[in-house]
Amino acid sequence: MKKYVFFLLLCCSLTATFAQGNLRQKLDSLLNDPLFETTQVGLMVYDLTADQPVYQHHARQLMRPASTMKVITAITALDRLGGDYMFTTRLCYTGKIQKGKLTGNLYCVGGFDPLVTNNDIKDMVARLYEMGVDTLRGHVYADRSMKEAVDWGEGWCWDDDNPRLTSLTIGRQDTFTDCVVRELQNIGIVLQNVTIGEAVCPANAHLICPRFHTIDQVMERMMKKSDNFHAEALFYQIAASTGKPLCKASDASAIVRQLIRRIGLGSNSYRIADGSGLSLYNYVSPELETMLLRYAWQNSNIYDHLAPSLPIAGVDGTLEKRMRGTPAQGNVRAKTGTLTGISSLAGYCTAANGHQLCFCIINQGVMRGADGKAFQDRVCVALCEP
């Protein structure tokens, strides 16, 4: 019996070795492409089931990740904040309510929730009305003090059309207090000399109504649609977890670096500038992204929230039209990345032998993004096919 078990283990080991050798040959042949006479690529594939690297090519080179930076942000956020984390926006008041009249101020306190809608504002104002308030005499203030007063990320291109990074928005527009005033009027609350301004909500203010959105809701659009605003909102949640009264992007970067040190790659000179990958100052490696994906896979509290958010090849998100009709369709779950000259892909798949793999591919110097995507698709097919 023992000899039989040993024989089976030996056969499995030889099969796995042969499969890895076959995969290395396939990937080597893909790298023998005229594309790489003028462009660069970093690539790493890791067998999660066997817990060992399968393939590496320039895996430690520092490169701009484009939107695969969102993978780093998502994993760090889930590790730091947890999968139950909620984005919060609050409506508060100061002053007194007497005979239906609020003599005081309303404070709209932003928590950098990118999903706030008019329905949230309606619910907030409705709660005030339910408290018996039919008249307001005072001010309506926007409290944007959660984060540093910078409108764009470090290293963003000046000619990109990106929304301002403010912690209190509705539909990405800086019109939250205007919408509150309009809804106060719609619901029938009389406004007496009401003005709109900006101020920090006092600590002794009374809470009227909080509105929440889950980290899963934010990550779904952030990853499936590669939404930069959602990514920066999550990046600042990481920063806010320090408990500082005014969080900064540098606080989030420091927490990302802490995680990098914990997975054993802290000695490398990575640069973490933002959460979305828009910054030209970001420098990471395929190895770093791959090992973070490994870390996530090994921690179900992270992976169970990360995996559903990733685009699925040939099915949805930014991979909806890619790898259709191949073994990678419905198999590969990965985050795409695109900037001028950069194309990237990082995520998971299941090999033909049933092993779970994670990978990262970063193409640089590709002036036609389609060339980088085509190469990445060929790599993914090679990972998934028998």
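Conventions and cut-offs
- Residues numbered from 1 in each chain as written.
- Predicted model: local features only at pLDDT ≥ 70, side-chain atom pairs only at ≥ 80, totals over all residues.
- Heavy atoms only, no water.
- Phe/Tyr/Trp six-rings, centres within 6.5 Å; stacked < 30°, edge-to-face > 60°.
- Helix = DSSP H or I, 4+ residues; strand = E, 2+ residues; numbered from the N terminus.
- Buried < 20%, exposed > 50% of the residue type's maximum accessible area, 1.4 Å probe, protein only.
- Lys NZ or Arg CZ within 6 Å of the ring centre and 35° of its normal.
- Contact = heavy atoms within 4.5 Å.
- Polar contact = N/O pair within 3.5 Å; in protein donor to acceptor, adjacent residues only side chain to side chain.
- Axes fitted to C-alpha atoms, helices over the stretch in contact; angles between N-to-C directions.
- Parallel < 35°, antiparallel > 145°, perpendicular 65-115°, else oblique.
- Nonpolar A, V, L, I, M, F, W, Y, C, P; charged D, E, K, R; others polar.

1. As for the packing of aromatic side chains
Per the stated rule, a full pass over the model turns up six aromatic pairs. Between Phe 36 and Phe 375, the aromatic rings sit 4.9 Å apart at their centres with planes inclined by 80°, giving edge-to-face as the arrangement. Highlighted residues: Phe 36 in the loop between helix H1 (2-31) and strand S1 (40-47) and Phe 375 in helix H10 (residues 369-384), separated in sequence by 339 residues. Seen in terms of ring centroids, Phe 112 and Phe 229 are 5.4 Å apart; in terms of plane orientation they differ by 55°. Their pairing is tilted. Here Phe 229 lies in helix H6 (residues 228-240) and Phe 112 lies in the loop between strand S4 (101-109) and helix H3 (118-130), a separation of 117 residues in the sequence. In this structure Phe 112 comes out as buried when scored by relative accessible area, which is 1%. By way of ring pairs, the aromatic residues Phe 112, Phe 229 and Tyr 236 are connected into one cluster. One residue, Lys 147, lies across the ring of Tyr 236, its end atom 4.7 Å from the ring centre.

2. Digging into the environment of Glu 289
Looking at the secondary structure, you find Glu 289 in helix H8 (residues 286-298). Separated by 230 residues in sequence, Glu 289 and Ala 59 place their C-alpha atoms 9.8 Å apart. Excluding its chain neighbours within four sequence positions, the residues that come into contact with Glu 289 are Pro 65, Thr 68, Met 69, Ile 72, Val 284, Ala 346, Cys 360 and Ile 362. Within the structure, Glu 289 has its side chain in polar contact with the side chain of Thr 68 (distance 2.9 Å).

3. Side note on the packing of helix H2 (residues 69-81) against helix H5 (residues 215-224)
Relative to each other, H2 and H5 sit at 170°, their axes nearing to 11 Å. Considered as vectors, H2 and H5 are oriented roughly antiparallel to each other. Side by side, H2 and H5 meet where Lys 70, Val 71, Thr 73, Ala 74, Ala 77 and Leu 78 of the first sit next to Ile 215, Met 219, Met 222 and Met 223 of the second. Looking at the contact of H2 with H5 residue by residue, the classes come out as eight nonpolar, one polar and one charged.

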